[in-house]
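Read off the chains here:
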Amino acid sequence: MEVADGLERLVQGRRLSPVQRRIAQYLSGHLPDAIFLSSVELAERAGVSQPSVTRFAMTLGFAGYPEFRQALRPLVVGGDGATDPDRPPRDGEAGGARFLHEMIDHEIRNLAAIRDRLATGSALPGVRANGLPGRIEELGTALAACEPLPVLGLRGSSGLVTTFAYYARRIHPDVRPLTHGGSELTEGLHAARRAGSEWLLAVVLPRYPAEAVHALEYAAELGFRTAVIADRADVPFPADEVLPAPVGARAVCDSHAAPLALAMLLLEAMAEAAPLRTRARLEEHERMTDQTGVFLRP
């Protein structure tokens, strides 16, 4: 059994906080040494507080850190034999490069999952039988015709929404990103609905912000249909359409490579749904950037 695989099984299915992921990362690269460390020493090595180490152990289902450390020992003893569990800890013996490779491999698998579903046309769980390509095409057509088009994304999802809105404005006449909560969000939804909007596109990724979920519920009360890009199909909140794309959860903070790729596919479908408008707006944008010197010339 590989040491890394054994640790992966311990954390599998657990939603770790960024602090807890730092601990998991350190353990992944230093497990033969870490089994000799106290909770205080592990906290220092991982750059977190001692209570965070205790909470990490309890999150994995252990009564405390001693029980967790005891569970780690067989992973080292039963590993590939290249490590001596009886030698003292040694600094600088990291699996940092291996971890970085694993992160990228994980993202490649997430992107490949979307690619394969596009190639086969197979249905996703929770998505109608015409499969992912058909759902993207239908939703792209609906969003292209929706004026204005509000796009919701709070906290960690706001960056993806900002990127999507930046490019969507090139091909759509009225895209309204909603990336701030409170009364500003409520007013934005009201204004879009009064202006004739029928759809709300939202990006809601882990950890799901409660305010984003409440906004989806409120949007439904206003009469919006809601389409959501999420990390899975069986989301714990209401939505008329869900486009799932897995999130990378190996690093300290989530990686949204697959959700971003899916958002760009949706944008492409919007462009294809209104080809004449798309061409006219893109040409106008090019003229504007040339005249104003927005970008450096090659």
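Calculation rules
- Residues numbered from 1 in each chain as written.
- Predicted model: local features only at pLDDT ≥ 70, side-chain atom pairs only at ≥ 80, totals over all residues.
- Heavy atoms only, no water.
- pLDDT = per-residue confidence, 0-100.
- Contact = heavy atoms within 4.5 Å.
- Helix = DSSP H or I, 4+ residues; strand = E, 2+ residues; numbered from the N terminus.
- Buried < 20%, exposed > 50% of the residue type's maximum accessible area, 1.4 Å probe, protein only.
- Pairing = 2+ DSSP bridges.
- Axes fitted to C-alpha atoms, helices over the stretch in contact; angles between N-to-C directions.
- Parallel < 35°, antiparallel > 145°, perpendicular 65-115°, else oblique.
- Nonpolar A, V, L, I, M, F, W, Y, C, P; charged D, E, K, R; others polar.
- Right-handed = clockwise from strand over helix to strand, strands pointing away.
- Patch = residues over 30% accessible without salt bridge, like charges linked within 9 Å, V, L, I, M, F, W, Y side chains within 5 Å.
- Areas by Shrake-Rupley, 256 points an atom, 1.4 Å probe, with all protein chains shown as cover.
- Salt bridge = Lys/Arg side-chain N within 4 Å of Asp/Glu carboxyl O.

Colleague: In this structure, what is going on with the confidence of the model for the protein? I would like to understand it.
Modeller: It should be kept in mind that the predicted coordinates are not to be read in detail where pLDDT is low. Here the protein shows a mean pLDDT of 85. Residues at 70 or above account for 87%. Within the model, pLDDT remains below 50 along residues 79–94, and this stretch shows 24 contacts once partners closer than five positions in the same chain are excluded. Predicted confidence is poor over residues 122–129, with pLDDT under 50, and the contacts of this stretch with residues over four places away or in other chains come to 17 contacts.

Colleague: How should the side chain of Thr226 be read in this particular structure?
Modeller: If you trace the backbone, Thr226 turns up in strand 4 (residues 225–230). Of the residues examined, Thr226 reaches a relative accessible area of 3% and is grouped as buried. Residues within four places of Thr226 in sequence aside, it is in contact with Trp199, Leu200, Leu216, Ala219, Pro238, Ala239, Asp240 and Glu241.

Colleague: How should the sheet that holds strand 1 (residues 149–152) be read in this particular structure?
Modeller: Pairing is parallel across the open sheet formed by five strands, whose spatial order is 2-1-3-4-5. Of all strands in the sheet, those bounded by a partner on one side alone are strand 2 (175–178) and strand 5 (241–244). Taken over all neighbouring pairs, the strand axes of this sheet differ in orientation by 20° on average, direction set aside. Where helix 9 (residues 183–194) meets the sheet, its contacts fall on strand 1, strand 2 and strand 3 (199–203), and the angle it forms with strand 2 comes to roughly 155°.

Colleague: Would you explain unusual backbone geometry in this entry?
Modeller: Negative phi values dominate among residues other than glycine, just as trans dominates among peptide bonds. Of note, the bond from Glu147 into Pro148 is cis; its omega dihedral lies within 30 degrees of zero at -5°. Following the sequence through the fold, Pro148 ends up in the loop between helix 7 (131–144) and strand 1. With an omega dihedral of -5°, the bond running from Pro206 to Arg207 counts as a cis peptide bond. Take Arg207: it is sitting in the loop between strand 3 and helix 10 (210–222). Its identity is not glycine, yet Arg155 carries a phi of approximately 55°, on the positive side. By secondary structure assignment, the location of Arg155 is in the loop between strand 1 and helix 8 (158–168).

Colleague: I keep staring at the packing of helix 2 (residues 18–34) against helix 3 (residues 39–46) and nothing clicks. Help me out?
Modeller: In a packed pair of helices, the relevant descriptors are the angle between the two axes and the axis-to-axis distance. Their axes nearest at 9 Å, the elements helix 2 and helix 3 cross at an angle of 95°. Our classification of the angle between helix 2 and helix 3 gives roughly perpendicular. The segment helix 2 lies against helix 3, with Arg22, Ile23, Tyr26 and Leu27 engaging Leu42, Arg45 and Ala46. Here the contact of helix 2 with helix 3 is composed, by residue class, of five nonpolar, no polar and two charged.

Colleague: Help me understand the pairing of strand 3 in this model?
Modeller: Remember that side chains alternate between the two faces of the sheet whenever the strand is regular. The buried fraction of strand 3 amounts to five of the five residues, a majority that puts the element mostly inside the structure. Burial along strand 3 is two-sided: the residues Trp199, Leu201 and Val203 and Leu200 and Ala202 are all buried. As judged from the two bridges shared by strand 1 and strand 3, these two strands associate in the parallel manner. What sits directly across from Leu152, in strand 3, is Ala202. Sheet topology note: the strand 3/strand 4 ladder contains five bridges and is parallel. Each bridged residue has a counterpart across the sheet, and for Ala202 the counterpart in strand 4 is Val228. On the question of chirality, the crossover connecting strand 3 to the parallel strand 4 by way of helix 10 is right-handed.

Colleague: Is there a simple way to explain a nonpolar patch on the surface in this structure?
Modeller: The grouping of Tyr166, Tyr167, Met288, Val294 and Phe295 at the surface amounts to a nonpolar patch, some 480 Å² of accessible area in total. Structurally, the position occupied by Phe295 is in the segment after helix 12 (275–292).

Colleague: Whenever I open this one, the pattern of salt bridges confuses me. Can you help?
Modeller: Charged atoms that come close allow side chains of opposite charge to pair. The tally for this structure, following the rule as stated, stands at nine salt bridges. Note that Arg135 and Glu138 form a salt bridge whose closest N and O atoms lie 2.2 Å from each other. Of this pair, Arg135 and Glu138 both sit in helix 7, three residues apart, which is roughly one turn of the helix. Among the residues examined, Glu138 registers a relative accessible area of 40% and is labelled partly exposed. In this structure, Glu147 and Arg277 form a salt bridge, with 3.3 Å as the shortest nitrogen-oxygen distance. You can see Glu147 sitting in the loop between helix 7 and strand 1 and its partner Arg277 sitting in helix 12, a full 130 residues away along the chain. By relative accessible area, Arg277 is classed as partly exposed at 23%. Here the salt bridges share partners, and the residues they tie into one network are Arg135, Glu138, Arg225 and Glu241.

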